[in-house]
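Next come the chains, spelled out residue by residue.
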Amino acid sequence: MDNHLQLFKANILVVDDTPDNLRLLSAMLTQMGYEIRRVINGQTALKTAQAAPPDLILLDIMMPEMNGYEVCQHLKASEKTRDIPVIFISALDEVLDKVKAFAVGGVDYITKPFSEEEVFARVENNLTIRRLQKQLTEQNIRLQKEICDRQKAELALRLSQFYLDRFKDSIFFINSDAQIVYVNEAACRTLGYSREQLLTMTVHNIDPNFPAVTWCLQWQELKHKGAFTFESIHQTQDGRDIRVEINLNYLELNGQGYHCASVRDITTRPQQNN
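Just so you know, these numbers come straight off a predicted model, no measurement behind them.

Participant: Whenever I open this one, the packing of helix H3 (residues 42-51) against helix H4 (residues 68-77) confuses me. Can you help?
Facilitator: Where H3 contacts H4, the axes come no closer than 10 Å and their chain directions differ by 20°. The orientation of H3 with respect to H4, classified from their angle, is roughly parallel. Crossing handedness for the pair H3 and H4: right-handed. Each of Gly42, Leu46 and Ala49 in H3 lies in contact with H4, whose residues at this interface are Val71, His74 and Leu75.

Participant: Honestly, the pattern of salt bridges in this entry has me stumped. Any pointers?
Facilitator: Where charged atoms from two side chains of opposite charge come close, those side chains can pair. With the rule as written, the count across this model stands at 13 salt bridges. For Glu124, the salt bridge goes to Arg131, with nearest N and O atoms at 3.2 Å. Looking at Glu124, the relative accessible area reads 17%, which means it is buried. Salt-bridge contacts for Glu245 lead to Arg269; the nearest nitrogen and oxygen are separated by 3.2 Å. Note that Glu245 is positioned in strand E9 (residues 241-253) and Arg269 in the segment after strand E10 (256-265), a separation of 24 residues in sequence. Note on Glu245: relative accessible area 24%, which makes it partly exposed. Using a relative accessible area of 35% as the deciding quantity, one classes Arg269 as partly exposed. Three or more residues are tied together by salt bridges with common partners; here these are Asp16, Asp60 and Lys112.

Here is what the cut-offs are and how they apply
- Residues numbered from 1 in each chain as written.
- Predicted model: local features only at pLDDT ≥ 70, side-chain atom pairs only at ≥ 80, totals over all residues.
- Heavy atoms only, no water.
- Axes fitted to C-alpha atoms, helices over the stretch in contact; angles between N-to-C directions.
- Helix = DSSP H or I, 4+ residues; strand = E, 2+ residues; numbered from the N terminus.
- Parallel < 35°, antiparallel > 145°, perpendicular 65-115°, else oblique.
- Left-handed = near helix turned anticlockwise from the far one by under 90°.
- Contact = heavy atoms within 4.5 Å.
- Salt bridge = Lys/Arg side-chain N within 4 Å of Asp/Glu carboxyl O.
- Buried < 20%, exposed > 50% of the residue type's maximum accessible area, 1.4 Å probe, protein only.

Right under this line is the structure:
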């Protein structure tokens, strides 16, 4: 068997009060590449499983003091071991109550004398099912977390939108291509455009002091300053020019640069003489 594949084989706990059976099963499973632990009674099996839960348990039914059914019931009653698949072991001359085996939580059974092909098939099938169940559980946990994170992000976005839409000054977010990527309601009221219209426009469409031919240089200059306050002109949808004061801040989100502009209409403010 390929040693590389053995590195990924499961850990199996074998429980049988007959040493010969333990040796035989251990030899078979070890040859198949599994990591094997073996114990001879139910109490030790429970302690071993609790200390380091295996990926699968092969459990003899007929054992003194605590039989396999009782051991399985204890395993399924513990949160730490309840999900470990249990395959029961029974001799052909013993009465195997299959209904009871499944009722107490067993997933399969193997009869003595052991057939290597049968042991391998039943062990591998149940380990595959267990691996798929764990993957499904992990994927479900990740999905639930993603849903929770998305809901939190959407709530934060709605709260931010609620606050910014009640801000008296116009708010614009502009990317390096001069594209307007966010506006609040004040910007829409001041310029006379809908939010949908503004989000298809560039800064060149509303501010004649930032033409497309000089935008790259202006972007770098404003980015270098980081924060800057200045006056400019904004043009409304109906063709009016309004004098504005712009408070500009540069920020980066997810590796992308943006200018955040808080814009105030100062048309009625007296102009200062130079």
